[in-house]
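So the chains spell out like this:
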Amino acid sequence: MNKKPIEKKPRTKKSNPLSASSETTAEPNHRISLIDQIHFYEQFKCKNKTQKELISLINQLSIVIASGPAGVGKSYVIIARALELLKSNGSNYSKIIISKPAVEAEEEHGFLPGDMREKMEPFIASSLDIFDKLIGKTNRLRLEENGYLEVQPLAYIRGKSIDNTILVMEEAQNMSPKQMKTLLTRIGENSKFIISGDLDQSDRYKHINQSGLYDAIQKHQNTEGIGFIEFTEDEIVRNQIITRILKNYKKAENKIIIPKTKPRRNFFKEFLRLFK
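Predicted model, so just to flag it, every value in this text is computed and none were measured. (Residues numbered from 1 in each chain as written. Predicted model: local features only at pLDDT ≥ 70, side-chain atom pairs only at ≥ 80, totals over all residues. Heavy atoms only, no water.)

Draft legend 1. Structural context of a nonpolar patch on the surface. Taken together, the side chains of I241, I245 and Y249 make up a nonpolar region of the molecular surface, amounting to roughly 300 Å² of accessible area. For I245, the position within the fold is in helix 9 (residues 240-254). (Patch = residues over 30% accessible without salt bridge, like charges linked within 9 Å, V, L, I, M, F, W, Y side chains within 5 Å. Areas by Shrake-Rupley, 256 points an atom, 1.4 Å probe, with all protein chains shown as cover. Salt bridge = Lys/Arg side-chain N within 4 Å of Asp/Glu carboxyl O. Helix = DSSP H or I, 4+ residues; strand = E, 2+ residues; numbered from the N terminus.)

Laid out in structure tokens, this is it:
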């Protein structure tokens, strides 16, 4: 008895819902399932009135600019709220972009190897640390792989229209006024820009009035849709010793020491005295 040959069916490749190359990343159901799986490891709570005011401005306005010293929790509050907005039901935001000016802190390390993302790693490591603290490194990497979290250099933002995005720009004290203008004019539909920096810790400018952060604060104070908030040294939450350190530096800067100099001799007058 002759057996009929068994027809082999073509094997279909199963798509991995968590793969960056998967076509399902663009589907709303995939977005909901992935984002819903991302849970906060650390419950975020505001620690003072100014942090609450920052959250309120982020909720209400398209552009928020926060300034203040290190340790007040600017980055932590901003990134935590950005994640909450991305996760919220009915969110219009498709992703978060993290950016910083690529300025080294008074050191030059030369050529950095790797692709654009790897080159930016040293500059945005502190921001990624906050994501890891809030949702864990594994979840943060999943967001990156699926396009919900992007790292972009400031130079690459030029010419783009940024829609349906929460953009977080940090270390804005190192931006020039021209760079700040370029950034602010990139905002598109359903987007939110949150910019932060510390005018006292610029690695690029000796005088704060040269900074794009200072320039933006001065020019856009009364612009509808843009909000400003400033933290003080008394609102530092990271470690109270930072408050004492910063106050010591300010005391030293405020002390103007005029070196004593000997009066210059007037040899001409001394010469005339010889003939009197």
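Draft legend 2. Structural view of the layout of surface pockets. Taken as a whole, the second largest pocket holds about 300 Å³ of empty space. Around the second largest pocket sit 17 residues that line it, and S67, G68, L199, E230 and F231 are the ones nearest its centre. Going through the elements one at a time, strand 1 (63-67) and strand 6 (226-230) are the ones with two or more residues in the lining of the second largest pocket. Looking at the lining of the second largest pocket element by element, the count peaks at three residues for strand 6. Its residues placed into classes, the lining of the second largest pocket shows eight nonpolar, four polar and five charged. (1 Å grid on protein atoms, 1.4 Å probe; cavity = no way out; pocket = protein on both sides within 12 Å on 5 of 7 lines; lining within 4 Å. Points joined across faces, edges and corners; volume = space filled by probe spheres on them. Nonpolar A, V, L, I, M, F, W, Y, C, P; charged D, E, K, R; others polar.)

Draft legend 3. Spotlight on the pairing of strand 5 (residues 192-197). Burial within strand 5 is extensive, with six of its six residues counted as buried. The side-chain alternation of strand 5 yields two buried faces, one formed by K192, I194 and S196 and the other by F193, I195 and G197. Bridge count for strand 1 against strand 5 is five bridges, and the pairing is parallel. The partner of I63 across the bridge, within strand 5, is F193. Sheet topology places strand 4 (residues 165-169) next to strand 5; four bridges connect them, and they run parallel. Each bridged residue has a counterpart across the sheet, and for L167 the counterpart in strand 5 is F193. In this view, the connection linking strand 4 to its parallel neighbour strand 5 by way of helix 7 (residues 177-184) has right-handed handedness. (Buried < 20%, exposed > 50% of the residue type's maximum accessible area, 1.4 Å probe, protein only. Pairing = 2+ DSSP bridges. Right-handed = clockwise from strand over helix to strand, strands pointing away.)

Draft legend 4. Seen up close, the pattern of salt bridges. Overall, the coordinates contain six salt bridges when judged by the stated rule. Of the charged contacts, one joins E84 and R81 as a salt bridge, the two residues approaching to 2.8 Å between their closest N and O atoms. Highlighted residues: E84 and R81, both in helix 3 (residues 74-87), separated by three residues, approximately one helical turn. Here K219 makes a salt bridge to D215, at a shortest N to O gap of 3.3 Å. Of this pair, K219 and D215 both sit in helix 8 (residues 212-219), four residues apart, roughly one helical turn.

Draft legend 5. Main features of the confidence of the model for the protein. Considering every residue of the protein, the mean pLDDT works out to 80; 73% of them sit at 70 or more. Contacts of residues 9-27 to residues separated by more than four positions or lying in other chains number 20 contacts, the stretch itself having pLDDT below 50. (pLDDT = per-residue confidence, 0-100. Contact = heavy atoms within 4.5 Å.)

Draft legend 6. Molecular detail of the environment of F123. Tracing the backbone shows F123 in helix 4 (residues 116-135). Taking relative accessible area as the criterion, F123 reaches 17% and is therefore assigned buried.

Draft legend 7. Broad picture of helix 8. Every buried residue belonging to helix 8 is among G212, L213, D215, A216 and I217, and all of these are buried. Tucked inside the fold, the buried residues of helix 8 contact strand 1, helix 7, strand 5 and strand 6. Sitting at the amino-terminal end of helix 8 is S211, which places a side-chain oxygen 3.1 Å from the backbone nitrogen of L213. (Polar contact = N/O pair within 3.5 Å; in protein donor to acceptor, adjacent residues only side chain to side chain.)

Draft legend 8. Expanded view of the nonpolar core. Core analysis: the biggest nonpolar cluster contains 44 residues, and L54, L83, I96, L134, L143 and I166 have the highest contact counts within it. Among all residues touching L54, those that are not within four sequence positions of it are V64, A66, K74, V77, I78, I229 and F231. Core analysis: the next-biggest nonpolar cluster, separate from the first, contains 20 residues, I63, M169, L184 and A216 among them. (Core = buried A, V, L, I, M, F, W, Y, C linked by side-chain atoms within 4.5 Å.)

Draft legend 9. Examining the pairing of strand 1 more closely. Most of strand 1 sits out of view: five of its five residues are buried. Judged by which residues are buried, strand 1 turns out to be covered on both faces: I63, I65 and S67 on one side and V64 and A66 on the other are all buried. With five bridges joining them, strand 1 and strand 6 adopt parallel strand pairing. Among the inter-strand pairings, V64 is bridged to a residue of strand 6, identified as G227.

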